[in-house]
Structure formats: C-alpha cells, structure tokens
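# Structural features, examined
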Amino acid sequence: MTTSPFPTLRTPDGPPAPGRPAWNRQRASRMPSHRYQDVFSRVDVPLTDRRWPTRRLTAAPLWVPVDLRDGNQALTEPMDPARKRRFFELLVAMGYTEIEVGYPSASQTDFDFVRLLAETDLAPEHVTIVVFTAARADLIARTFESVRGLRNPVVVHLYTATAPTWRDVVLGRDRTELSDLISAAGAEVLRHAGDDPRVRFEFSPEVFNLTEPDYVLEVCARMTTLWDATPERPVILNLPATVEVATPNVYADQIEHMHRNLDRREAVILSVHPHNDRGTGVACAELAVLAGAQRVEGCLFGNGERTGNVDLVTLGLNLHAQGVDPEIDFSDIDEIRRTVVDCNRIGVHERHPYAGDLVHTAYSGTHQDAIRKGFARHHAQARAAGLDPADAPWRVPYLPVDPADVGRSYDAVVRVNSQSGKGGIAYLLESAYGLELPRRLQIDFAGRVQEHADDSGGEVTAERLWRLFEEAYVLPDDGGRQILPLAWSVVRPGETHDGGERLDVVLSVEGERVERSAVGAGPVDALASILAGLGLPVEVLGLTQQSITSGSDAGAVTYLEHRTADGAVAWAVGRDASVLGASVRALVAAANRS
C-alpha cells in the first residue's frame, strides 16, 4: 500500500453521484458541505422574467471609491493622515468625482481628515465628499460636525444591517422595530441637514442580498419618502452584497427586482457595493449594472475586509477592453499601484488583472511567437492606414489590452520570460550571489541579458551575468559625470534641531573632493537633496533593501528604482557592508546615470 505524501488530506472515496456519466469518476468528498444552505433556502429571489441577460455594458457607471473608509478599516495598520491625503490626491488625479473619505464618528483620524478637506482646498469643488455613519443619534451629530463648512457637495451615508440573522443575532430587533430605528435615524440626518442644498442622502440596508425583498422595498420606501427624494435631489439607495453568498446571476436578479419595484425610481440613484467572498465580486458588479445599477462602490485592487471589496481597477479596465471609456485614467498603472501599495501596505499580486507584474508575460514559446506576430501585424496595419499604432484597433493574440495603454512596455516583459526560461537569470543571481531582485528589476535586467546573448550567441554564465549586472546598475557610467562616495555618517533624529536625520557625506566629483551635509526624513532623502544641489537630481520611485547573511560578500544590497531626466524609469544598485552604505552607493549610482 502506497503511503500518501499528504497525510492530512483524505482522498475522496465515496460513491459517484447517481446518474453521473462513466467518464466522470469524481467521488463524494468528506467535506461537511451539509452544514450550509444555498441562497435560495435563505432568501426569496422573486424575479423570473429577468431582462438583464440581454443587455450590454455601453457606459461607465458612477464609480465611488471607498478605500479611505471601507478599505482603510480592513488594514492591519490604518492609514495615518499623510497616507490618507496621498491616497485621496491619487483618487482625484485619476478622475473620481465622488469619494467616500471616512467614518468620522468612529475615528479621530477620519474626523480630522474630513476637517482638513473643509479647511483647505485639497478637494476640488467638483468632487462630492461621502461620509459614513451608523444609525445612532450621537454618531450622526458627530458626522455633521465633521462636514461643517465644507464647500463641496456632501453625501451623508447612513447604514444599518437588515438581514434576518443580523436582526436576530446582532441587533435583537424584529422587522418593525428595526424599520422604526432606521426611520428615526433618517429623521436625525434630515434635521441636521436642514435646508443645506449641499447635502444629499444615502442609505445602505447592509447585507441586502440576504434580506427579504419585500422588507428592503418597505424600508427603502420609508427613507425616500422621509428624505423627499426628487430627480433634482435624488436619494442614493446602496444595496450591498456585504457577504457574497451566491452566484452573480442571483445578485443581478435581486438588483433588477429592486430596480423595477422601487418607489420614486426616477428620484433614486441605485448603487451597489459587492464584496468578494466567493471571488466573483467583479462579475456581481458588472451584472448588477446590466440589471439597473447606476453607481458602484469599491476599492482600488479590491482591498477590504475578508476577501475584499469589488476591484474598481479591474472593473474600469474591463470596460476599456470592450471599447467603453471607463472615465477614469489608468494610463500609469505602475504609479497607481505604487501609491496604493505604499498607502495600504499590502502588495498587489503578480497575476492581478491588468496591474500585476506578470500579466503581460508569456512563458510559452508558442504564445510569445503569436504575440510577436500580432505586434508585427498591428504595426503594419497601422502604417497602411496612416495611423499611430497607439490609436489603431487592437487585435494582438493573448493580450486583451495594449500594455502601453496602462504605461507598460511589453517588449521588456516578454524578454524577461523568454530569457529567464532559457538561462534562469533570477535563479543564477540568487544561487551564486545571494541577490533577490525585485520583479521589475528582473524584467529590466533580462532585456540587457538577452541583448548580450543575441550578440554572443553563447550561454551566459553566472560570472558573466554578475559582470553584466555590475555594468548596468552598480558601476559609474563611463559616458557620464563620475561621482564616487568616499565617506558618510548619519546624525539621528533627536540629535538635530529639526528632528530630521542629518547626513554628512564626502564625495569625489570628477576627481574633486566635496564635503556636504543635509537634513531629511532619512539618509536617502538627505543625500537626494545634496545631489540635487550638485546639479544631479534623482527622483526616487522605490527602494528595496536586502541583507546578505552568508558568503564572503555578506552585507547589504539596496535596489533603487528612479526616474531619469527624460522621464524613463531606471534602476541603480548599491552593495556595502552596511544598509546605509548600500543606500548611499545606490543613490550615487543613480546620479551617475541621470
């Protein structure tokens, strides 16, 4: 008897399902699936004459990013004011015009951020600010206090869970009691808003998708009547799939049922807020728009509690790939990703749609061949039509969108994969020299290695690979101004007058000894200031540090991603016995090439 290499797993050995064809040999597993009910056993889904399957997506809905509230509350370390501000500025720059900025009654940081928007011109006048509150009088009062004096249009977003399990287990109220509580909270919102024309109202029956349809319609009708919804001052009714429990077609049926049966439909903005517990949040949102939704709440790259909120990046670029303007600018996807990762401190997977480092990569030689032929045909057809290839119709195999549309270079990506599959670039550098290159540096270096291999026609050894790496990123560029670091030291925060870090450095600039000092947020920031003063500015985009703990070259490596004077993204690398020394050498290497 063969012993399983996976002793904790139990190979299914039950009988095949009755009536299953002979070619399907799957057997019943021991998973306790009987503990769960399908959605149809939990909530009535009354729609039968559905119309959404025959509709098409022809225009973008109103996108509402909730990264600063829903996404933020899901972070291990919620955003500080500086990260919140940076994220908000990104959302505005991308073109979002309605942004949920926080839960000001639940967090002093959120309250202070809303006050920052009220007291500065950080939010352009065309941007609507959304603030979130639970259905409690003191929280509602605090929410209105946060938006006092805000020049922007304001949406006050009131929420209460309405599904039976939440009513019974969490709130301890029956349908009538909960409806009265929601109406009382809605009256408080109305009282605080008064006759302020800036303020509009939003209500979310949380866990809508597990709430009885007749009850949702009843509660929503009370709210639109209470708030006197009109086409000139519409009420937002937001219907969340708070916990995704069904296939996307069921959510579409639920949304279409509401769309066709809501009171004052012409005075309602029908909004959806899908989560991603089943991994189909994007499909839920797309089908919901087909079913009548006009507004979609979500997060960039799908951040959020549990498996996250629906991903607004994927949704927007899915429209783009179908020839529909998403009305949001994704043309520099790497900068968007860099900012979101820095603010959330959560990475974006290499295979993430559109934004991952590997999404335009083909490891298969046959795929690469088809893509290369597709590029050749694309450029030939563009020339024949007298078009710029960037404006020509896109029909390249395996690539749903042109990587250039999102600021990517496809050539670099395909080269790294064809070369890494052949010579194992990343593996050789790590096994021989302990270097763990960031993914985008692997891509950049692979192009250089392939160029060398094409010229030499031979195998690239580990030793030659290292020399190529040094020449490309470590040593000074022979054709440019040469700077060499000679000595450096740091005065830590608390020992300087302004609380920053002071870097004292001695450089050789074209053979001349130069001593400089500067204070910055850190030694890299201080050295960047010194180099700028010498006429060699370096714009740092990212910095990755690695310790090498074994071998004769034990020490530290700094990989520096920077922007060159002509706007290109480049890399420089520093190696030294210390992290500080490696960072100094990396920045000087970048300056030599800038």
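Residues numbered from 1 in each chain as written. Predicted model: local features only at pLDDT ≥ 70, side-chain atom pairs only at ≥ 80, totals over all residues. Heavy atoms only, no water.

## Describing the overall build of the protein
The number of helices and strands found in the protein is 18 helices and 14 strands. The principal-axis extent of the C-alpha atoms belonging to the protein is close to 80 × 75 × 65 Å. Taking all 594 residues of the protein together, 49% fall into the buried category. In the protein, once contacts between residues fewer than 6 apart in sequence are set aside, the share between residues at least 24 apart is 67%. For the protein, the accessible area works out to roughly 28,400 Å², and carbon and sulfur atoms hold 49% of it. A gap of 4 Å separates the mean positions of the 61 positive and 82 negative side-chain charges of the protein. (Helix = DSSP H or I, 4+ residues; strand = E, 2+ residues; numbered from the N terminus. Buried < 20%, exposed > 50% of the residue type's maximum accessible area, 1.4 Å probe, protein only. Contact = heavy atoms within 4.5 Å. Areas by Shrake-Rupley, 256 points an atom, 1.4 Å probe, with all protein chains shown as cover. Lys, Arg positive; Asp, Glu negative; His and termini not counted. Charge placed at Lys NZ, Arg CZ, Asp CG, Glu CD.)

## Observations concerning the UniProt feature "domain: Pyruvate carboxyltransferase" (unreviewed entry) in the protein
According to UniProt, the positions carrying the feature "domain: Pyruvate carboxyltransferase" (unreviewed entry) are residues 61–334. Helix makes up 43% of residues 61–334 and strand 18%, whereas the separation of the span's terminal C-alpha atoms amounts to 24 Å. (UniProt positions renumbered as here; feature names shortened; annotations may be inferred.)

## Some remarks on the packing of aromatic side chains
This structure, assessed with the given rule, holds 12 aromatic pairs. A centroid spacing of 5.9 Å and a plane angle of 70 degrees characterise the contact between Phe-445 and Tyr-473, whose relative ring orientation is edge-to-face. Note that Phe-445 is positioned in helix H15 (residues 439–456) and Tyr-473 in helix H16 (residues 462–474), a separation of 28 residues in sequence. According to the relative accessible area criterion, Tyr-473 is buried, its value standing at 0%. Within the aromatic cluster, the residues linked to one another by ring pairs are Tyr-433, Phe-445, Trp-466, Phe-469 and Tyr-473. A cation over a ring is seen here: Arg-167 above Tyr-215, with NZ or CZ 5.1 Å from the ring centre. (Phe/Tyr/Trp six-rings, centres within 6.5 Å; stacked < 30°, edge-to-face > 60°. Lys NZ or Arg CZ within 6 Å of the ring centre and 35° of its normal.)

## Section: the pairing of strand E4 (residues 154–161)
Among the eight residues that make up E4, seven are buried, leaving the element largely enclosed by the rest of the structure. In the sheet, strand E3 (residues 128–134) pairs with E4 via six bridges, with the strands oriented parallel. Counted as the bridge partner of Val-131 is Val-156 from E4. The β-α-β motif built from E3, the intervening helix H4 (residues 137–146) and the parallel element E4 has right-handed crossover chirality. Taken together, the eight bridges between E4 and strand E5 (residues 199–206) define a ladder with parallel strand orientation. When the bridges of E5 are listed, Tyr-159 appears paired with Ser-204. (Pairing = 2+ DSSP bridges. Right-handed = clockwise from strand over helix to strand, strands pointing away.)

## What to know about the sheet that holds strand E13 (residues 555–563)
On the basis of which strands lie adjacent, the open sheet formed by three strands has the order E12-E13-E14 and antiparallel pairing. Because the sheet does not close on itself, it has two edges, and the strands there are strand E12 (539–548) and strand E14 (569–576). The sheet shows a mean angle of 15 degrees between the axes of neighbouring strands, direction not considered. Examined bridge by bridge, E13 and E14 share eight bridges and lie antiparallel to one another. Considered in E14, the bridge of Tyr-559 is made with Val-573. Running at roughly 145 degrees to E14, helix H18 (residues 579–593) makes contact with E12, E13 and E14 of the sheet. (Axes fitted to C-alpha atoms, helices over the stretch in contact; angles between N-to-C directions.)

## What about the pairing of strand E7 (residues 268–274)?
Within E7, seven of the seven residues are buried, which leaves it mostly tucked inside the rest of the structure. Side chains of E7 alternate between two faces, with Val-268, Leu-270, Val-272 and Pro-274 and Ile-269, Ser-271 and His-273 buried alike. Both strand E6 (residues 235–241) and E7 contribute to a ladder of seven bridges, which runs parallel. Looking at E7, one finds that Leu-237 is bridged to Leu-270. Assessed by its sense of winding, the connection that carries the chain from E6 through helix H8 (residues 248–261) to E7 is right-handed. On the question of chirality, the crossover connecting E7 to the parallel strand E8 (residues 295–298) by way of helix H9 (residues 281–290) is right-handed.

## Some words on helix H2 (residues 81–94)
The terminal C-alpha atoms of H2 lie 20 Å apart, and with 14 residues this matches the ideal 20 Å at 1.5 Å per residue to within 8%. The complete set of buried residues in H2 reads Arg-83, Lys-84, Phe-87, Phe-88, Leu-90, Leu-91, Val-92 and Met-94. Where H2 is buried, its residues meet strand E1 (62–65), helix H1 (67–71), strand E2 (98–102), helix H3 (108–119), E3 and helix H11 (333–344). Positive backbone phi, approximately 115 degrees, marks Gly-95, located one or two places after H2. (Expected span 1.5 Å × (residues − 1).)

## Quick word on the sheet that holds strand E9 (residues 483–491)
Reading across the sheet, the three strands line up as E9-E10-E11 and stay open at both edges, with antiparallel pairing between neighbours. Looking along the sheet, the strands with just one partner apiece sit at the ends: E9 and strand E11 (512–520). Recorded for the sheet is a direction-independent mean angle of 20 degrees between the axes of neighbouring strands. Note that E9 and strand E10 (residues 501–509) share eight bridges and pair antiparallel. The residue of E10 that forms the bridge with Ala-487 is Val-506.

## With respect to the environment of Leu-543
Mapped onto the elements, Leu-543 comes out in strand E12. The exposure class assigned to Leu-543 is partly exposed, which follows from its relative accessible area of 35%.

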